[in-house]
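Here is how the chains run, residue by residue.
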Amino acid sequence: MTLQQLKYAITVAESGTITEAATRLYISQPSLTNAIHELEKEMNITIFNRTNRGIVLSKEGEDFLGYARQVLEQASILEDRYKGASGGKKQFCVSTQHYSFAVNAFVDLIKQFGQDEYDFSLRETQTYEIIEDVAHMKSEIGILFLNDFNETVIKKLLKSHELIFQELFVAKPHVFISVDHPLAHNDVITNEQLEDYPYLSFEQGEHNSFYFSEEIFSATERRKNIRVRDRATLFNLLIGLNGYTVCSGVIDKELNGSGIIAVPLADEGDMRIGYIRHQRGLSSRLAYTYIDALRKYIEC
């Protein structure tokens, strides 16, 4: 097994076809196919299932490529350490719920390590996908929150995927509203006061359960609900409809705009925000640097 074979297999998985992967790798299709076959034979596994419609990554292939990504990352760090700037393109991926501090920390990481060549990914995505990304080692770390309501379900899922939750900080739930909202001058807001306003939340796809919500689940029934996929849409609707959402209270005016404020929400439990990582994967220097940057913005 060689690092080149691992790179080939990952590229095929990302491309979805041998043809596209061969083009990206600048090799012939037969050479790439043979390299994959030799890797599968040597490791005694089936990485890709062959069908009439093409190739599909197998379950054991997903696990194998998770390890392969870690091996390539560690090899890149070794090259960077001993070969300097010629060590190759730096790679790092993080999956996160929609937090402005996660974006700010990502910017700092690129400023410090981007240099001439890099391939970094920031995935603001659904809670279940965050867990899957880290489980399959597509992302080195994932950022989400736990509280008394979702902790049992989420931690059971993390354990089944061999993932570890590391707490970063404990946040008091806040309501994000427009500066022009009728409740904007309140020192504290209750769920009862919010009954007449639209509640905005990030939809969770097939796993649209209360346990996977990015927002605090409340026993108070919300009569007006709007679900969105991205942060910009949520904040535009929040301003335009006098809507609200519930989050950590950590807000960034440069990213979220000066028209949004955070007001404490009464009678709700704490949010324990942290990151998840794979228990069998070694964290890279990039991951540690990113986590340090997260702490800097959280402390602000």
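The structure contained in this document is the topic of the report that follows. These numbers were taken from a predicted model, which means no experiment stands behind them.

Basis of the calculations
- Residues numbered from 1 in each chain as written.
- Predicted model: local features only at pLDDT ≥ 70, side-chain atom pairs only at ≥ 80, totals over all residues.
- Heavy atoms only, no water.
- Helix = DSSP H or I, 4+ residues; strand = E, 2+ residues; numbered from the N terminus.
- Contact = heavy atoms within 4.5 Å.
- Lys, Arg positive; Asp, Glu negative; His and termini not counted.
- Charge placed at Lys NZ, Arg CZ, Asp CG, Glu CD.
- Pairing = 2+ DSSP bridges.
- Axes fitted to C-alpha atoms, helices over the stretch in contact; angles between N-to-C directions.
- Buried < 20%, exposed > 50% of the residue type's maximum accessible area, 1.4 Å probe, protein only.
- Parallel < 35°, antiparallel > 145°, perpendicular 65-115°, else oblique.
- Left-handed = near helix turned anticlockwise from the far one by under 90°.
- Nonpolar A, V, L, I, M, F, W, Y, C, P; charged D, E, K, R; others polar.
- Arc of directions from axis to C-beta.
- Polar contact = N/O pair within 3.5 Å; in protein donor to acceptor, adjacent residues only side chain to side chain.
- Phe/Tyr/Trp six-rings, centres within 6.5 Å; stacked < 30°, edge-to-face > 60°.

Turning our attention to the overall build of the protein chain. When helices and strands are counted, the protein chain shows ten helices and twelve strands. With the C-alpha coordinates aligned to their principal axes, the bounding extent of the protein chain is approximately 65 × 45 × 30 Å. Sequence separation of 24 or more characterises 76% of the internal contacts of the protein chain that already satisfy a separation of 6 or more. The average position of the 31 basic charges and that of the 42 acidic charges among the side chains of the protein chain differ by 4 Å.

Moving on, we get to the sheet that holds strand β6 (residues 163-171). Ordered in space as β4-β3-β5-β12-β6, the five strands form an open sheet in which the pairing is mixed. This sheet does not close on itself; its edge strands, each paired only once, are β4 (118-124) and β6. Here the strands of the sheet are splayed against their neighbours by 20° on average, with no regard to which way each runs. Running over the sheet, helix α6 (residues 127-135) touches β3 (90-96), β4, β5 (141-146), β6 and β12 (271-278) and is turned about 140° from β5.

Residue alternation in strand β8 (residues 199-202) divides its side chains into two sets, Tyr-199 and Ser-201 and Leu-200 and Phe-202, and both sets are buried. Inspection of the sheet shows β8 paired to strand β9 (residues 225-228) by four bridges, in the parallel sense. Residue Ser-201 lies in a different strand from β9, and its bridge partner there is Arg-227.

Before going further, it helps to examine the packing of helix α1 (residues 3-15) against helix α2 (residues 18-25). Look at α1 against α2: their axes get within 8 Å of each other, and the N-to-C directions meet at 125°. In terms of orientation, α1 lies oblique with respect to α2. The handedness of the crossing between α1 and α2 is right-handed. Contacts between α1 and α2 involve Lys-7, Tyr-8, Thr-11, Val-12, Glu-14 and Ser-15 from the former and Ile-18, Glu-20, Ala-21, Arg-24 and Leu-25 from the latter. Of the residues that constitute the contact of α1 with α2, the class distribution is five nonpolar, two polar and four charged.

A separate point is helix α8 (residues 231-240). Listed as buried for α8 are Arg-231, Leu-234, Phe-235 and Leu-238. Viewed along the axis of α8, the buried residues span an arc of 90°, placing them on a single side of the element. Of the exposed residues in α8, the ones pointing more than 90 degrees away from its buried face are Asn-236 and Gly-240. A distance of 3.2 Å separates the backbone nitrogen of Ala-232 from a side-chain oxygen at the start of α8, and that oxygen is part of Asp-230. Positive backbone phi, approximately 55°, marks Asn-242, located one or two places after α8.

Further remarks concern the sheet that holds strand β7 (residues 174-178). The sheet built from three strands is open, its strands ordered β10-β7-β11 with antiparallel pairing. Since the sheet does not close on itself, it has two edges, and those belong to β10 (245-247) and β11 (260-264), each with one partner. Taking each pair of neighbouring strands and ignoring which way they run, the sheet shows an average axis angle of 40°. Alignment of β7 against β10, held across three bridges, turns out to be antiparallel. Counterpart to His-174 in the pairing with β10 is Cys-247. Running at roughly 70° to β7, α8 makes contact with β7, β10 and β11 of the sheet.

Enumeration over the complete set of coordinates arrives at eleven aromatic pairs. Ring geometry for Phe-92 and Tyr-290: centres 5.7 Å apart, planes at 50°, overall tilted. Taken as a pair, Phe-92 in strand β3 and Tyr-290 in helix α10 (residues 285-299) lie far apart in primary sequence, 198 residues in all. The class for Phe-92 is buried, based on a relative accessible area of 4%. Tyr-290 sits in the buried class, given a relative accessible area of 0%. Judged by centre distance (5.3 Å) and plane angle (40°), the ring pair of Tyr-118 and Phe-120 falls under tilted.

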